[in-house]
Amino acid sequence: MDMLHIILNILLPPLTIIFLFLFYPIYLFIKLLNCVRKHLCVENVAGKVVLITGASSGIGEHVAYEYAKKGADLALVARREDRLQIVAETSRKLGSRDVIIIPGDVTKINDCMKFISETISHFGKVDHLINNAGVSQTVLFENFSQIQDANPIMDTNFWGSTYITYYAIPHLRKSKGKIVVIASAAAKIAIPVATIYSASKAALLGIYEALRIELNPDIKVTIVFPGLISTDMTTPEIIKRHGSDFIVSEPVSRCAKAIFQGVCRGEEYVKTPSWIKWFFLVKSVCPEVINSIFNYFFLHFIKPYFKRE
């Protein structure tokens with residue numbers, strides 16, 4: 001067994017380089033053709049049933065509006081019923097023929113069962129599941145008064161999506177539907193002072209990449225990597241408060257449109273704003289560069305603020 005590992009350690013590096021050198025141009029050509037095909041074959045969502053969690057504000061709210069403009073029927077889920085009513089009414093005005101609201105908490109299994117059962121009871125099917133509900137928290141890991149305080153982040157960001165997906169899968173198989181999960185750029189480039197948030201989004205990436213294989217070809221999975229988006233969780237005041245006002249946030253409406261277009265094209269991954277993909281590339285090829293940048297900004301801009309607190 002040790003000899004096998006030695007042989008692989010010696011042979012695989014040069015073989016991989018040779019393979020990439022010969023195959024990569026072919027891969028790029030195939031990817032170009034596939035990109036053209038996706039832009040020509042855009043899904044028509046008129047009359048399709050879309051269940052959106054975290055739909056009372058932010059990305060979830062504006063994704064609902066994008067679907068509404070194209071005539072989709074909506075099931076809107078969130079804890080704030082008053083806000084859901086406003087989003088539902090706006091969605092109807094934009095073009096949705098039928099919109100229902102289902103108040104509840106994605107961290108509770110019984111509520112997640114209710115979201116699916118009420119959607120099926122009303123519409124008879126579900127075509128797209130948008131797992132958007134999430135929370136953020138900025139705190140140095142060692143500053144948690146007790147480590148259990150981190151549980152709500154995992155409960156909402158990870159388990160909230162996992163629970164509802166579990167109950168939606170049988171119905172999505174019947175409709176040949178799609179699962180869309182709103183992860184984060186933090187899933188690939190971990191953010192200091194958001195350690196548990198980054199971990200929860202990385203966990204989403206892991207489970208939904210595995211589910212994409214398990215559920216293929218019946219259900220398609222799109223994973224979204226938003227950068228810093230102007231939502232209730234990241235208002236300019238909050239960004240400035242934490243010493244990160246040098247970062248430019250993307251308007252939430254633009255982010256939602258990119259997500260909707262990517263889903264309708266059948267993209268496996270959506271990165272918004274689009275320039276974030278170049279950070280991922282540098283992280284993959286030269287991880288030390290990204291680590292150095294983050295270390296610099298953390299030491300000079302972020303850590304001093306938390307020390308003052």
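Just so you know, these numbers come straight off a predicted model, no measurement behind them. (Residues numbered from 1 in each chain as written. Predicted model: local features only at pLDDT ≥ 70, side-chain atom pairs only at ≥ 80, totals over all residues. Heavy atoms only, no water.)

### Here's the deal with the UniProt feature "transmembrane region" (unreviewed entry) in the chain
Here's step 1: Taken from the UniProt record, the annotation "transmembrane region" (unreviewed entry) applies to residues 6-30.
Here's step 2: Annotated as 100% helix and 0% strand, the span residues 6-30 places its first and last C-alpha atoms 35 Å apart. (UniProt positions renumbered as here; feature names shortened; annotations may be inferred. Helix = DSSP H or I, 4+ residues; strand = E, 2+ residues; numbered from the N terminus.)

### Examining the pattern of salt bridges
Here's step 1: Overall, the coordinates contain ten salt bridges when judged by the stated rule.
Here's step 2: Across the pair Glu 61 and Arg 83 runs a salt bridge whose closest N-O atoms are separated by 3.1 Å. Of the two residues, Glu 61 sits in helix H2 (residues 58-69) while Arg 83 sits in helix H3 (residues 81-94), which places them 22 residues apart along the sequence.
Here's step 3: Linking Glu 267 and Arg 265 is a salt bridge whose minimum nitrogen-to-oxygen distance equals 3.3 Å.
Here's step 4: On the basis of relative accessible area, Glu 267 is assigned to the buried category, the value being 17%.
Here's step 5: In the salt-bridge network here, residues are joined through shared partners; they are Glu 43, Lys 48 and Lys 178. (Salt bridge = Lys/Arg side-chain N within 4 Å of Asp/Glu carboxyl O. Buried < 20%, exposed > 50% of the residue type's maximum accessible area, 1.4 Å probe, protein only.)

### Remarks on the sheet that holds strand S5 (residues 178-182)
Here's step 1: Read across the sheet, seven strands follow the order S3-S2-S1-S4-S5-S6-S9 without closing on themselves; strand pairing throughout is parallel. Each edge of the sheet is formed by a strand with only one pairing partner; in this case those strands are strand S3 (99-103) and strand S9 (269-272). Ignoring strand direction, the axes of neighbouring strands in this sheet form an average angle of 15°.
Here's step 2: The sheet contact formed by strand S6 (residues 220-226) and S9 spans four bridges and is parallel. Considered in S9, the bridge of Val 224 is made with Val 270.
Here's step 3: Against the sheet, helix H5 (residues 151-175) contacts strand S1 (49-53), strand S4 (128-131) and S5, and its axis sits at roughly 175° relative to S4. (Pairing = 2+ DSSP bridges. Axes fitted to C-alpha atoms, helices over the stretch in contact; angles between N-to-C directions. Contact = heavy atoms within 4.5 Å.)

### So, unusual backbone geometry
Here's step 1: Following Asn 216, the chain continues into Pro 217 via a peptide bond in cis, with omega recorded as 5°.
Here's step 2: Here Pro 217 lies in the loop between helix H6 (195-215) and S6.
Here's step 3: Pro 273 follows Thr 272 through a cis peptide bond whose omega is -5°.
Here's step 4: Here Pro 273 lies in the loop between S9 and helix H9 (276-285).
Here's step 5: One non-glycine residue, Lys 176, lies in positive phi territory at about 55°.
Here's step 6: Here Lys 176 is to be found in the loop between H5 and S5.

### Looking at the packing of aromatic side chains
Here's step 1: The tally for this structure, following the rule as stated, stands at eleven aromatic pairs.
Here's step 2: Consider the rings of Trp 159 and Tyr 163, whose centres lie 5.6 Å apart with planes at 25°: the pair is stacked. Note that Trp 159 and Tyr 163 are positioned in helix H5 at a spacing of four residues, about one turn of the helix.
Here's step 3: Considering the side-chain rings of Tyr 166 and Tyr 167, the 5.1 Å spacing of their centres and the 85° angle between planes classify their relative orientation as edge-to-face.
Here's step 4: Judged by relative accessible area, which is 25%, Tyr 167 ranks as partly exposed.
Here's step 5: An aromatic cluster of at least three residues, connected via ring pairs, comprises Phe 19, Phe 23, Tyr 24 and Tyr 27.
Here's step 6: Lying over the aromatic face of Phe 225, Lys 188 brings its terminal NZ or CZ to 5.0 Å of the ring centre. (Phe/Tyr/Trp six-rings, centres within 6.5 Å; stacked < 30°, edge-to-face > 60°. Lys NZ or Arg CZ within 6 Å of the ring centre and 35° of its normal.)

### Observations concerning the packing of H2 against H3
Here's step 1: For the pair H2 and H3, the least separation of the axes is 8 Å and the interaxial angle reads 25°. Viewed along their axes, H2 and H3 adopt a mutual orientation that is roughly parallel. For the crossing formed where H2 meets H3, the hand is right-handed. Residue-level contacts link Glu 61, Ala 64, Tyr 65, Ala 68 and Lys 69 of H2 to Arg 83, Val 87, Thr 90, Ser 91 and Leu 94 of H3. (Parallel < 35°, antiparallel > 145°, perpendicular 65-115°, else oblique. Left-handed = near helix turned anticlockwise from the far one by under 90°.)

### Quick notes on the pairing of S3
Here's step 1: Within S3, four of the five residues are buried, which leaves it mostly tucked inside the rest of the structure.
Here's step 2: Sheet topology note: the strand S2 (residues 73-78)/S3 ladder contains five bridges and is parallel. Directly across from Ala 78, in S3, lies its bridge partner Pro 103.
Here's step 3: The parallel pair S2 and S3 is bridged by H3, and the resulting crossover is right-handed. (Right-handed = clockwise from strand over helix to strand, strands pointing away.)

### Examining a nonpolar patch on the surface
Here's step 1: Nonpolar side chains collect at one region of the surface, where Phe 19, Leu 20, Phe 23, Tyr 24, Ile 26, Tyr 27, Leu 28, Phe 29, Ile 30 and Leu 33 lie side by side and expose about 980 Å² of accessible area between them.
Here's step 2: Looking at the element boundaries, Phe 19 is found in helix H1 (residues 2-40).
Here's step 3: Look at Phe 19 and you get partly exposed, because its relative accessible area is 48%. (Patch = residues over 30% accessible without salt bridge, like charges linked within 9 Å, V, L, I, M, F, W, Y side chains within 5 Å. Areas by Shrake-Rupley, 256 points an atom, 1.4 Å probe, with all protein chains shown as cover.)

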